[in-house]
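Listed here are the chains, written in short residue letters.
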Amino acid sequence: MSKLASMNTPIFWAEGHPGKLDRESWTIEVTGSCNKPRIFSWQDLLVLPPAQEIARLTSDTRWSVKGLWSGVRLSTILDEVDLLPSCKFVRFWSHRLIYDTSIPLDIALKPKTMVAWEFDNELLDENYGGPVRIMTPYLWGYKSAKCLVKIELMDYYQPGFWELRGYTDSGEIEAGPCLDVNEGHKLKRIGGGEVVEFLD
Ligand SMILES: Nc1nc2c(c(=O)[nH]1)N[C@H]1C(S)=C(S)[C@@H](COP(=O)(O)O)O[C@H]1N2
Ligand SMILES: [Mo]
């Protein structure tokens with residue numbers, strides 16, 4: 001059992017579980033406002049400079065899980081495609097193109113915003129967004145699209161799956177109660193913004 005599963009980390013699939021997916025043939029298309037649109041294969045991702053961050057995935061449903069996320073920085077991928085100055089938002093699309101969400105470019109370029117495929121040195125399985133997902137600790141979890149297949153570089157904002165259903169466009173983490181998944185889902189509190197640690 002994976003570390004995420006053993007901690008009973010919640011598994012969210014608004015669009016339905018994707019089933020078994022093939023890592024070796026996985027591709028991520030990068031399109032939109034850039035000079036060098038490109039399709040990254042799984043093998044392409046593996047030769048980019050690796051990145052690792054200890055970071056928290058924190059859900060608006062009030063739980064937070066901490067661990068070592070590995071993959072590449074999203075900024076590394078964005079460097080490869082040569083952004084146009086008009087690009088203001090980065091839109092993520094999940095497998096089957098039902099789930100999408102967008103974040104501002106400045107947050108996309110922050111070091112802990114990752115295209116991730118490992119948690120605590122284990123490859124992510126489909127439950128937790130494998131083969132490859134977005135992980136950004138700066139915003140609520142709904143901005144961290146799972147089973148990433150497409151990155152669309154946008155000059156303007158488009159609300160995504162949850163944003164169209166009432167979740168905030170900013171995804172800014174709000175202070176309040178929050179379950180600590182790593183400590184048996186103990187009820188604690190978080191402040192606003194990126195959750196680095198609990199308040200108590
Ligand atoms: N494709 C897809 N990505 C998604 C979701 C989803 O339903 N579908 N849920 C989001 C939400 S609301 C959260 S909190 C996190 C949860 O990640 P987990 O299911 O790996 O714990 O995934 C996000 N990414
Ligand atoms: Mo969430």
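Reading guide: rules and limits
Residues numbered from 1 in each chain as written. Chains lettered and ligands numbered in written order. Predicted model: local features only at pLDDT ≥ 70, side-chain atom pairs only at ≥ 80, totals over all residues. Heavy atoms only, no water. Core = buried A, V, L, I, M, F, W, Y, C linked by side-chain atoms within 4.5 Å. Buried < 20%, exposed > 50% of the residue type's maximum accessible area, 1.4 Å probe, protein only. Helix = DSSP H or I, 4+ residues; strand = E, 2+ residues; numbered from the N terminus. Contact = heavy atoms within 4.5 Å. Pairing = 2+ DSSP bridges. Axes fitted to C-alpha atoms, helices over the stretch in contact; angles between N-to-C directions. Phe/Tyr/Trp six-rings, centres within 6.5 Å; stacked < 30°, edge-to-face > 60°. Lys NZ or Arg CZ within 6 Å of the ring centre and 35° of its normal.

Let us look at the nonpolar core. Across soluble globular proteins, you tend to see nonpolar side chains buried next to one another. Counting residues in hydrophobic clusters, the biggest one holds 43 residues, and the most contacted among them are L45, I77, V90, F92, V115, I151 and L153. Of all elements in the fold, only β1 (27–32), α2 (42–46), α3 (74–81), β5 (89–94), α4 (105–108), β7 (114–119) and β10 (148–154) reach the threshold of two or more residues within this core. The residues touching F92, leaving out its near neighbours within four places in the chain, are L74, Y99, D100, T101, I103, I134, K143, A145, L148, K150 and I151. Membership of the second largest hydrophobic core comes to 15 residues, among which are L4, W63, Y128 and M135.

A few words now on the sheet that holds strand β6 (residues 100–104). Consider a sheet: its strands pair through backbone hydrogen bonds, and that pairing is either parallel or antiparallel. Reading across the sheet, the 5 strands line up as β2-β1-β10-β5-β6 and stay open at both edges, with mixed pairing between neighbours. Across the chains shown, the open sheet's two edge strands, defined by having one partner strand only, are β2 (38–41) and β6. Geometrically, the sheet is characterised by an average inter-axis angle of 20 degrees between neighbouring strands, direction not taken into account. Pairing between β1 and β2: 4 bridges, direction antiparallel.

Per the counting criterion, the structure on display carries 8 aromatic pairs. Plain terms: the ring middles of Y142 and Y167 are 4.9 Å apart, the flat faces sit at 90 degrees to each other, and that makes the pair edge-to-face. Of the two residues, Y142 sits in the loop between β9 (133–135) and β10 while Y167 sits in the loop between β10 and β11 (176–180), which places them 25 residues apart along the sequence. Each member of the aromatic cluster is reached from another via a ring pair, and the members are Y99, Y142, F161, W162 and Y167. Note that K110 overlies the ring of Y138, its terminal NZ or CZ placed 4.5 Å from the centroid. Across from the ring centre of W13, 4.3 Å away, lies the NZ or CZ of K146, which sits over that ring.

The values reported here are purely geometric and, on their own, carry no functional implication.
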